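Chain residues, written in single-letter form:
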Amino acid sequence: MTIRRESLRPEIESSPLYNADLAPATVERRHWGTYSFAALWVSMSVNITTYMLAASLIQGGMNWKQAVGTVFLGNTIVLFPMLLNSHPGASYGIPFPVLARASFGVLGANVAAGLRAVVACGWFGIQTWIGGEAVSTLIATLVPAWKGFPYSTAICFLAFWLINLAVILRGVEYIRVLQGISAPILLGVGLLLLAWAYRSAGGFGPILAAPSRFTNFPDLLKFLVPALNATVGFWATVSLNIPDFTRFARSQRQQMIGQALALPATMTLYSLIGILVTSATVVIYGTAIWDPVQLLSRFHSPVAVVISLLAILLATLNVNIGANVVSPANDFSNLWPRKISFRAGGVITCFMGIAMMPWKLLGSYKTMIFGWLGGYAAFLGPVAGIMICDYFVIRKRVLLLNDLYLRDGAYQYWHGFNWLAVAALAAGAGTALIGLVVPSLRTLYDYSWFVGFAVSFVSYYVLMKFSGLPENLVQKASS
C-alpha cells in the first residue's frame, strides 16, 4: 500500500474547483506517523461526549458489563469503514470533499459534504455548550452569586464560542499542540471522578453490583439495538472525513496501526470511567447523573472543582477543533473553493453551531441516542457505503487526481452530478427513515447506520454497473 506521488498539472490551480486548502498534501506536509494518529484518537476519544454517551447507557438501564460491551463492539465496527475511507486520503493526499467528487461528481460532492458539515456543526454546538456549562459552573464555584444570574450559561456559552473561534483562526496545525496536553489532563479528571466514586460508594462492589433494569433479553435488545447504532453513529462523522487527517500520513501502514490501536481501546477505557462513575451516582444519589459538569457542581472542594473544570474546558476545546471544525471547514470550502478558505469555512461552522440549538440536542439521553445520533446516522451510513463501494469496488483504488479538480474531467458525470450516487443515497436514507413512520418497521431506524450503509452500497453498485460508467472510467484511466 504505497503513497502516490502524482502531481497536479499547473493549469489546475486556475480551476474553480481548486484552492490551496483542498489541494493534495505535498510530501513536505506528510509528517504524521503512527504516534500522531494514535494521539489524534486518544485526544478525540477522551472527551466529555464520550463520557456522556457511556453514561447514557447506564441511565437507559444497562449494567456496567452491558454498557462496556456495547461501546467496545460499536467502536470496533466503526473502525472498519474508518480504515477503508482512510486509504484514499493517505494514497492521494486529498481531503474528504475532494474524494467525494469521485463518486458524487465534482459538484454533487457538495451533497455528501453538506450532510457531513451540518452534522459537524451540530457536534460543534454540543461541545461548545458543554464548555459553556463548565465555564458557568467554574464561575459559580468562585462566585456563588453567579448561580442566580439570568442567562448565566448562555453568556458563558458565547464566551467559550469566542475562544473556539480564536483557535480556528490560528489554523489546522494548532491542533497538534492541543493534542499533546489535553487528553492526559482529562484522563486525570476521569480518574479523579473514579476515585471519588470508589470512596463515596463504598468501593467498587456496590458500583459493579448495580443491576440492569432489563429483566429479559427481548427487553434488553430493544435498547441495545439503538444504543449500538448510536455508538457506531458517534464516529460515523469522522469515518467519512478521516481523509482530512490521513492525507498527512507518512505511510498507509502507520496511519492504519495508529488508528487501530487507539480508537477502540481508548473509547472503551474512557467510557468505562463514565460507566463506573455514573453507576456510582445511582448508589450515592439514587439517580444516574450522566453530565460530569453537573456532577462536579455537587462537589464540596472548590479546588478540585476548579482544576477539573479547567481540564474539561481544555479537552472540549481540543476535540471541538479536531473533530468538528476540520471537516466542515473543508466541506464549506468545497462549496466555493475560490472564495471560501479553510478559515472562512471554520467561521461558518461556528455560526452554524449556534443555529443548531445544542441545548435541545442535550436535553436528555433519549434525545441524544434515539434522535440526534440515530437520526444523522441514517444519512451518513449511506454516504460511507457509496464512497467505499466506489473507491474499492468500482475503481479498484485508482483515481485520476487531476480530474478531481476539473469541470470537464472524468468526474463531471451529468453537469457535475452523479445522480446515481444521489439516488443510492436517497434509497439508503429513505429505507432507514421508514422506521420512523411505520411502527412495525422500527428496526430499520434502530439500525439506521447499518441499513443505510448496506442499501446504498448495493444500490450504487447495481446502478453504476447498469449505467456502463465504470468501464468508461477504467478506459480513461488506462489511456
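Each value, and the rule that gives it
Residues numbered from 1 in each chain as written. Predicted model: local features only at pLDDT ≥ 70, side-chain atom pairs only at ≥ 80, totals over all residues. Heavy atoms only, no water. Axes fitted to C-alpha atoms, helices over the stretch in contact; angles between N-to-C directions. Helix = DSSP H or I, 4+ residues; strand = E, 2+ residues; numbered from the N terminus. Parallel < 35°, antiparallel > 145°, perpendicular 65-115°, else oblique. Left-handed = near helix turned anticlockwise from the far one by under 90°. Contact = heavy atoms within 4.5 Å. Buried < 20%, exposed > 50% of the residue type's maximum accessible area, 1.4 Å probe, protein only. Patch = residues over 30% accessible without salt bridge, like charges linked within 9 Å, V, L, I, M, F, W, Y side chains within 5 Å. Areas by Shrake-Rupley, 256 points an atom, 1.4 Å probe, with all protein chains shown as cover. Salt bridge = Lys/Arg side-chain N within 4 Å of Asp/Glu carboxyl O. Core = buried A, V, L, I, M, F, W, Y, C linked by side-chain atoms within 4.5 Å. Expected span 1.5 Å × (residues − 1). Arc of directions from axis to C-beta. Disulfide = S-S within 2.5 Å. Phe/Tyr/Trp six-rings, centres within 6.5 Å; stacked < 30°, edge-to-face > 60°.

A few words now on the packing of helix α6 (residues 152-168) against helix α16 (residues 342-355). In contact at an axis separation of 10 Å, α6 and α16 are set at 165° when each is read in the N-to-C sense. Accordingly, the angle class assigned to the pair α6 and α16 is roughly antiparallel. Where α6 crosses over α16, the two elements pack in a sense that is right-handed. Two secondary-structure elements touch here, α6 through F157, L158, W161, L165 and I168 and α16 through R343, G346, V347, C350, F351 and I354.

Mapped onto the elements of the fold, G33 is located in the segment before α1 (34-45). Relative accessible area serves as the criterion here: at 3%, G33 is assigned to the buried category. In contact with G33, not counting residues within four places along its chain, are R250 and Q254.

A few words on a nonpolar patch on the surface. A surface patch of nonpolar side chains, amounting to about 400 Å² of accessible area, comprises I434, L436, V437, V438 and L441. Mapped onto the fold, V438 is located in the loop between α19 (419-437) and α20 (442-446). Since its relative accessible area comes to 30%, V438 is described here as partly exposed.

On to the nonpolar core. Ranked by size, the top nonpolar core spans 133 residues in total, and within it W41, I94, W235, V277 and Y411 carry the most contacts. Counting 12 residues, the second largest nonpolar core, distinct from the first, contains I58, M62, A67 and V68.

Time to look at the pattern of salt bridges. All told, the structure shown has 2 salt bridges when counted by the stated rule. Residues R442 and D446 are paired through a salt bridge, measuring 3.2 Å at the closest nitrogen-oxygen approach. Taken together, the positions of R442 and D446, both in helix α20 and 4 residues apart, correspond to about one turn of that helix. On the accessibility criterion, R442 (31% relative accessible area) is partly exposed.

Moving on, we come to α16. Along its 14 residues, α16 runs 20 Å from first to last C-alpha, staying within 8% of the 20 Å computed at 1.5 Å per residue. Those residues of α16 that fall on the buried side of the exposure criterion are F342, G345, G346, T349, C350 and G353. Along α16, the residues classed as buried sweep out an arc of 150° about the axis, all on the same side. When the buried face of α16 is taken as reference, the exposed residues oriented beyond 90 degrees from it are F351 and A355. M357 sits one or two residues past α16 and shows a positive phi near 50°.

One non-glycine residue, K396, adopts positive backbone phi at about 55°. Mapped onto the fold, K396 is located in the loop between α18 (365-394) and α19. With relative accessibility at 57%, the residue K396 sits in the exposed group. A positive phi angle is found at R397, which is not glycine, with a value near 70°. Relative to the helices and strands, R397 resides in the loop between α18 and α19.

In total, this model carries 0 disulfides according to the counting rule given. In this structure C156 is a free cysteine whose sulfur lies 17 Å from that of C350, the closest cysteine sulfur available.

On to the packing of aromatic side chains. If you walk through the whole model with that rule in mind, you get 21 aromatic pairs. Ring plane angle 50° and centroid distance 5.4 Å describe the contact between W129 and W359, whose orientation is recorded as tilted. You can see W129 sitting in helix α5 (residues 109-142) and its partner W359 sitting in helix α17 (residues 358-361), a full 230 residues away along the chain. Under the relative-accessibility criterion, W129 is labelled buried at 15%. When the ring of F157 is compared with that of W359, the centres are 6.2 Å apart and the planes differ by 80°; the resulting orientation is edge-to-face. Of this pair, F157 sits in helix α6 while W359 sits in helix α17, and the two are 202 residues apart along the sequence.

All right, on to helix α4 (residues 96-104) then. When you tally the buried positions in α4, you get 9 out of 9 residues, the bulk of the element. All buried positions along α4 are accounted for by F96, P97, V98, L99, A100, R101, A102, S103 and F104. One or two positions beyond α4, positive phi appears at G105, with a value near 100°.

Take it as geometry only, folks, not as evidence of what the structure does.
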